[in-house]
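Listed below, chain by chain, are the residues.
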Amino acid sequence: MSTPRFLTLPPGVRVRRLETAVGAFSVLEAMPGSGIAERWPALLVPGLTGSKEDFIAVLQTLAQSGRQVVAIDMRGQFETSGPEDPQAYTRAALGNDVDVLAQLIGKGEPIHLVGHSFGGLVTREAVIDGRTKFASYTMMSTGPAAIVGPREHAGRAMLDSLPEAGLEQMWDTRLEPEALASGVPDEIVAFLRKRLFSNSPTGMSMMTREVLSAPDRCDELTQVGVAILVLFGEHDDGWPPETQAEMADRLNAECVVVPGAAHSPAVEAPETTAAALIRFWNAAESRLRS
């Protein structure tokens, strides 16, 4: 579970609701200090148990590069409501949401896209379907197919327990003890609890099934022609770092390994992560504008 280290919004960052044809989305929007975005915007999509707050530590820095930067709660996630229909939470359905949001934010211009963990599998759907012009695509702490290792085991355990015990048991027996053992401040623990219980149980269950069953779509992704960055922490405990590095090779993508970070580099090493994104975005824009 991605755990923000602070919740106070930096200067230039605000909470907004974006109204779209597929529903309203709660977002954090960051703008340059001048209030004028001179470069193409960016859309940031969190992982399964995360939210827009997972990007709070990088938003101001990213926006200072001259961009509007928007981090979202996906449908059924934290402050974005979602229906009870499980099919609303498939990778394809959530990818369609990304298309709609990207087109709204981009206003006809290309837009940079970042997907973290399960958000990487969701955003990949939008990139492959080809309906939106993306200036670049970053897969952050994401693998080529279904999650493996300890997080796979945790996902399967959650699916087994959710129908009977619900989110309460997941919080009481695993998430809260892990947060307390890690020394997470009380304010952040309270936020994590609020976020978890704000999620749609139907959405949580279906998205977990999706992250456990995602196929390898690297071959399709290579056909799109968008500039790709694969970025992950050197100690990632999600998809193994070597798996992500191999994926980068297959995609002919740039690869950045963030020193000291694990599965949430935007939280654990925000300045390094932001610098890598800005450099990649600027290079992608230079190529497309030339």
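Keep in mind that what you see is a predicted model, and the values were worked out from it rather than measured.

Enquirer: How would you explain helix α8 (residues 241-251) if you had to name every residue and give the values?
Expert: For α8, the set of buried residues is Pro241, Gln244, Met247, Ala248 and Leu251. Down the axis, α8 shows its buried residues gathered within 120 degrees of arc, on one side only. Structurally, α8 contributes buried residues whose contacts are with β6 (134-140), α7 (218-222), β7 (228-233) and β8 (254-258). Downstream of α8 by a residue or two, Asn252 has a phi angle that is positive, lying close to 55 degrees.

Enquirer: Lay out the sheet that holds strand β5 (residues 111-116) with the relevant residues and their values.
Expert: With respect to topology, 8 strands assemble into an open sheet ordered β1-β2-β4-β3-β5-β6-β7-β8, the strand pairing being mixed. Strand pairing shows two members of the sheet lacking a second neighbour, β1 (13-20) and β8, which therefore form its edges. Each strand axis lies, on average, 25 degrees off the axis of its neighbour in the sheet, ignoring direction. Running over the sheet, helix α2 (residues 91-106) touches β1, β2 (23-30), β3 (42-45), β4 (69-72), β5 and β6 and is turned about 115 degrees from β1.

Enquirer: So what's going on with the packing of helix α1 (residues 56-63) against helix α10 (residues 270-289)? Which residues, and what values?
Expert: In the contact formed by α1 and α10, the axes pass within 9 Å of each other and the chain directions differ by 40 degrees. Considering their axes alone, α1 and α10 lie oblique with respect to each other. The handedness of the crossing between α1 and α10 is right-handed. Contacts between α1 and α10 involve Ala57, Val58, Thr61 and Leu62 from the first element and Pro270, Glu271, Ala274, Leu277, Ile278 and Trp281 from the second. Residue composition of the contact of α1 with α10, by class: 8 nonpolar, 1 polar and 1 charged.

Scoring rules and cut-offs
- Residues numbered from 1 in each chain as written.
- Predicted model: local features only at pLDDT ≥ 70, side-chain atom pairs only at ≥ 80, totals over all residues.
- Heavy atoms only, no water.
- Buried < 20%, exposed > 50% of the residue type's maximum accessible area, 1.4 Å probe, protein only.
- Helix = DSSP H or I, 4+ residues; strand = E, 2+ residues; numbered from the N terminus.
- Arc of directions from axis to C-beta.
- Contact = heavy atoms within 4.5 Å.
- Pairing = 2+ DSSP bridges.
- Axes fitted to C-alpha atoms, helices over the stretch in contact; angles between N-to-C directions.
- Parallel < 35°, antiparallel > 145°, perpendicular 65-115°, else oblique.
- Left-handed = near helix turned anticlockwise from the far one by under 90°.
- Nonpolar A, V, L, I, M, F, W, Y, C, P; charged D, E, K, R; others polar.

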